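# Commentary on secondary and tertiary structure
Letter by letter, the chains look like this.
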Amino acid sequence: MRSSGFRRTCTVAVVSALALTSLAACGSDDDSKGSSAGGKTKITVNCEPPKSAKIDRKSFEDDIAAFEKANKDIDVTAHDAFPCQDPKTFDAKLAGGQMEDVFYTYFTDAKHVVDINQAADLTPYVKDLKWYQDIRQELRDVYTVDGKVYGVPRTNYSMGLIYNKALFKKAGLDPEKPPTTWEEVQAAAKKIAGLGNGTVGYADYSAQNQGGWHFGAEIYSQGGSLVTEDGKKSAVDTPEGKAVLQNLKDMRWRDNSMGSKQLLIINDVQQMMGSGKLGMYLSAPDNIPILVKEKGAKYEDLGLAPMPGGKGTLAGGDGYMFNKKATPAQIKAGLKFLEFQTNTPGEGLNNWKRAAANKAPVGLPEPRLWTGERDQKDLALKKQYANMPVENYQAFIDGADTVKPKLEPANAQQIYTVLDAVVSSVLTKKDADVDKLLKDADSKINGILARG
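Given the structure is predicted, the values throughout are model-derived calculations rather than measurements.

Once that is clear, we can look at the packing of helix H11 (residues 210-221) against helix H12 (residues 239-254). Packing of H11 against H12 leaves a shortest axis separation of 9 Å and a crossing angle of 115°. The two elements H11 and H12 cross, and the hand of that crossing is right-handed. Touching Phe215, Glu218 and Ile219 of H11 are Glu240, Gly241, Val244, Leu245 and Leu248, all from H12. Residues that form the contact of H11 with H12 fall into these classes: five nonpolar, one polar and two charged.

Below, the structure written as structure tokens:
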């Protein structure tokens, strides 16, 4: 799932806020047959923003023009595609040989595409590319299967703790020192709830698979996992899983810090935070502009901290893979385009000056795609053109180098369905048996994994 509630798709909102363009190469047979025409190597890209998104569309077209001007031997053809990847048609396009030269994928798609032999091996092409080596190792690993490279990350996200600095101050808490442990979250939530007048200290999801999704984030934060390392067995009936549920049960029933209304989904919690009645909830940074633009919050009141516990955080993202039929010339050209469009601070996707001029939010502490100088340059440009209070997110930025990101497992949505029932039981039934709930969930998840 994405922090907005579901897997990332190239919605206009996301394009505006986080990515002025979303790329993947997508071409008809005519487009991709001739890798060279008039001395030029032809590649195709899709996810061109729709005509209704005029600013994003123009930015995309401007980027292509700038790239082609600097690389006169490459011709880039963009196709209007929305969403970037439709799960209902993705496999059919792969199987039918209709996929793009360079095509968009979620992180969780990478191994599947390789397993069905639909991706070009990029290993010999990226081994000497400095910009590729600057990408964080854990993100490169997503597209590395059996030691071979099959894709390039584009953006990534990880979850943290959004908190209301105004409520923290009102409750006598230091808004510059957000909780770093679940014990501190409990204590802060209790004080915030003590303000009364319908104020809730901490909120969590427990419906529409979103409760299971957040259970996954929380068990990662405890150092646990949803499945075993080999992905064959459930790992929720563990001390880490019990700690997640016991923490929620204590806040809900012992401290009364989670409010009486439960079975919440993301929109409910965002409304609570936007109205100034909620102290904390788990989210990725992209929720912040939504809270301000759509829910009534103020940027200055919203802080962002790393996941409490600090032992892990749920992460995700997207990137590009290359059609297995792409020629060496097309692969080289496509990688050049990705270098410009997604891996150069100040250009393409990371043109924060242009984003600020277009009044898109600038300053969110994601994606943290790179290490070293490239990362520092990107952060500096974000700070220079920020139209958000970036200092409010410094704790999250600092934690990015120490909190280990973990991706969703295979069969994530089915697993979340099982865990949804577990979380909702704990939050709606005072006498819920945590041990029995975990044992039953473990058995059901093992059944899902056995079926593949």
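Bringing the side chain of arginine 57 into the picture now. Along the chain, arginine 57 turns up in helix H3 (residues 54-70). Taking relative accessible area as the criterion, arginine 57 reaches 14% and is therefore assigned buried. Residues within four places of arginine 57 in sequence aside, it is in contact with Glu48, Pro49, Pro50, Lys51 and Asp80.

Before going further, it helps to spend a moment on the environment of glycine 452. Take glycine 452: it is sitting in the segment after helix H20 (434-451). Looking at glycine 452, the relative accessible area reads 65%, which means it is exposed.

Turning to the sheet that holds strand E11 (residues 302-306), a few remarks are in order. Pairing in this open sheet of four strands is mixed, and the strands run E9-E10-E8-E11 from one edge to the other. What marks the edges here is a single partner per strand, and that holds for strand E9 (200-202) and E11. Ignoring which end each strand starts from, the neighbouring axes of this sheet average 25° apart. Here strand E8 (residues 160-164) runs beside E11; their pairing, made up of five bridges, is antiparallel. For asparagine 164, the partnering residue across the bridge sits in E11 and is leucine 302. Contacting E8, E9 and strand E10 (278-283), helix H10 (residues 182-193) runs over the sheet at an angle of about 175° to E9.

Our next topic: H11. Taking 1.5 Å of rise per residue, 12 residues should cover 16 Å, and H11 covers 17 Å from first to last C-alpha, within 8% of that figure. Counted residue by residue, H11 has 12 buried out of 12 residues, so it is predominantly covered. The set of residues buried in H11 consists of Gln210, Gly211, Gly212, Trp213, His214, Phe215, Gly216, Ala217, Glu218, Ile219, Tyr220 and Ser221. Looking one or two residues beyond H11, the residue adopting positive phi is glycine 223, at roughly 95°.

This next bit is on the nonpolar core. Tyr202, Phe215, Leu226, Leu248, Met280, Ile288 and Leu419 are the most contacted members of the largest nonpolar core, which has 71 residues in total. For this core, the element with the most residues is helix H19 (residues 412-428), which contributes nine residues. One finds Ala110, Ala120, Val145 and Trp370 within the second-largest nonpolar core, a separate group that totals 36 residues.

Turning next to unusual backbone geometry. The phi angle at glutamine 208 is positive, at roughly 55°, despite the residue not being glycine. For asparagine 209, which is not glycine, the phi torsion reads 70° and is therefore positive. Examined against the element boundaries, asparagine 209 turns out to sit in the loop between E9 and H11.

Take the pattern of salt bridges next. Taken as a whole, this structure holds 16 salt bridges when the rule is applied. Two residues, glutamate 61 and arginine 57, come together in a salt bridge whose shortest N-O distance is 3.4 Å. Pair noted here: glutamate 61 and arginine 57 are both in helix H3, with a separation of four residues, about one helical turn. One salt bridge connects aspartate 435 with lysine 242, and the closest N-O pair in it is separated by 3.3 Å. Highlighted residues: aspartate 435 in helix H20 and lysine 242 in helix H12, separated in sequence by 193 residues. By relative accessible area, aspartate 435 is classed as partly exposed at 43%. A residue is classified by how much of its surface remains accessible, and lysine 242, at 35% relative accessible area, is partly exposed.

Here we take up the packing of H12 against H20. Relative to each other, H12 and H20 sit at 135°, their axes nearing to 10 Å. With respect to each other, H12 and H20 are oriented oblique. Along this stretch, H12 crosses H20, giving a crossing that reads as right-handed. Mapping the contact onto sequence places Gly241, Lys242, Leu245, Gln246 and Lys249 in H12 and Val434, Asp435 and Leu438 in H20. Tallied by class, residues from the contact of H12 with H20 come to three nonpolar, two polar and three charged.

Quick notes on the rules
- Residues numbered from 1 in each chain as written.
- Predicted model: local features only at pLDDT ≥ 70, side-chain atom pairs only at ≥ 80, totals over all residues.
- Heavy atoms only, no water.
- Axes fitted to C-alpha atoms, helices over the stretch in contact; angles between N-to-C directions.
- Helix = DSSP H or I, 4+ residues; strand = E, 2+ residues; numbered from the N terminus.
- Left-handed = near helix turned anticlockwise from the far one by under 90°.
- Contact = heavy atoms within 4.5 Å.
- Nonpolar A, V, L, I, M, F, W, Y, C, P; charged D, E, K, R; others polar.
- Buried < 20%, exposed > 50% of the residue type's maximum accessible area, 1.4 Å probe, protein only.
- Pairing = 2+ DSSP bridges.
- Expected span 1.5 Å × (residues − 1).
- Core = buried A, V, L, I, M, F, W, Y, C linked by side-chain atoms within 4.5 Å.
- Salt bridge = Lys/Arg side-chain N within 4 Å of Asp/Glu carboxyl O.
- Parallel < 35°, antiparallel > 145°, perpendicular 65-115°, else oblique.

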